[in-house]
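Listed here are the chains, written in short residue letters.
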Amino acid sequence: MSNSSLSPSPFPGIHRNESYMNFEFSFFTLPMLLLVIPIFYMPVTIIIILRIFVKLLYARKDKSVNVPLFTAICISQFMCLLFFICDFFYIRLLTSGVFTSWCASVLPNRYLNILYTTTYYINATILRVALPIIFIYPFFSTFFMFTAEGYCVQARGPFPFGSVILAFQGALFGLRNSYFLLFNNIFWMSSCLINNSILLVKLVRLKTSLSLHARSQKSYKAEVSLTFTTFSMIFSYLSNSMIVITAQLGGDLTYYAIMLRPFGNDLETCVVPWVFYLTHPIFRKKTSTLRVFHQDKLNS
């Protein structure tokens, strides 16, 4: 069904539009396919995060575990999971058409903005600065929403009829958060690049200054793991920055960016704990050497 055949509505977006109020949800659509894809990698990610958390619980008994490092990673990944849940409702469920009929039957209201603002408050990047200001940092991308009303609008581009996204009107000073998000991504991505450059230089100096026997192989591997882990954070920033830039170009490219955005966020949720778990020596099973003596040697 094309947008030109929709009945006119005095309200913004799809509200009180009978074509959307009578919309019948279907499981066989592209948004539904994108909705179920995380089933193939999120359960494994959750298991890995739980294993990292278990290591943290036993960290006091194992003196070789860096407790502050494991604490920061556990908190960061917990916040990423919360962000995944909020983004799951904000993008994936809305575009799937599950709530299209309900959303069209209600009037634009400020309660819809709760889902929008919650998505930005569940943001793990602030953990790289300081935990006490975790609820202050996202304020810069949401303060103008206090006077706004949220409403649902038909998504264009690759999305079929019935796929909706949240929009808002009446924001304070007419502000939007696109430029803040772009600055945020570029700033933290640059910080990660600088941080990893310093770590790589230190690792090279450590490897060349110490002999093979004097160097702790486990400690060295742990530092390499930390370098890989922080480097893996760059991919999510790069993906999100590209999506924000594409959205600024407008047109149907915006909706292609919206479709890909959740998977860009999944990079940070999944890749970081996977890299840390697969490279850090603390998660490797300890092997014991079994010596076998021949019977004739024992009798000699």
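Provided above is the structure to which this section pertains.
Residues numbered from 1 in each chain as written. Predicted model: local features only at pLDDT ≥ 70, side-chain atom pairs only at ≥ 80, totals over all residues. Heavy atoms only, no water.

Participant: Would you take a moment to explain helix H4 (residues 67-96) for this structure?
Facilitator: Given 3.6 residues per helical turn, the α-helix brings residues three or four places apart onto the same face. Helix length check: H4, at 30 residues, gives a terminal C-alpha distance of 41 Å against a target of 44 Å (1.5 Å per residue), a fit within 8%. The sharpest bend along H4 measures roughly 40° and falls at Phe 88. With its phi angle positive at about 95°, Gly 97 sits one or two positions after the end of H4. (Helix = DSSP H or I, 4+ residues; strand = E, 2+ residues; numbered from the N terminus. Expected span 1.5 Å × (residues − 1). Bend = angle between axes of the 7 residues up to and from the residue.)

Participant: Help me understand empty space enclosed by the protein, please; the structure alone is not making it clear to me.
Facilitator: Unoccupied space between atoms shows up once a probe the size of one water molecule is rolled over them. By the definition in use, this model includes two cavities of 30 Å³ or more. Within this model, the largest cavity holds a volume of roughly 70 Å³. Lining the largest cavity, in full, are Pro 31, Leu 34, Ile 91, Arg 92, Thr 95, Phe 159, Ile 258, Met 259, Pro 262 and Phe 263. For the lining of the largest cavity, the secondary structure elements donating two or more residues are helix H2 (30-36), H4 and helix H9 (253-279). Considering every element that reaches the lining of the largest cavity, the biggest residue donor is H9, with four residues. Here the residues of the lining of the largest cavity sort into eight nonpolar, one polar and one charged. Of the residues that make up the lining of the largest cavity, three or more belong to each of domain 1 (11-175) and domain 2 (176-284). (1 Å grid on protein atoms, 1.4 Å probe; cavity = no way out; pocket = protein on both sides within 12 Å on 5 of 7 lines; lining within 4 Å. Points joined across faces, edges and corners; volume = space filled by probe spheres on them. Nonpolar A, V, L, I, M, F, W, Y, C, P; charged D, E, K, R; others polar. Domains from an automatic or database assignment.)

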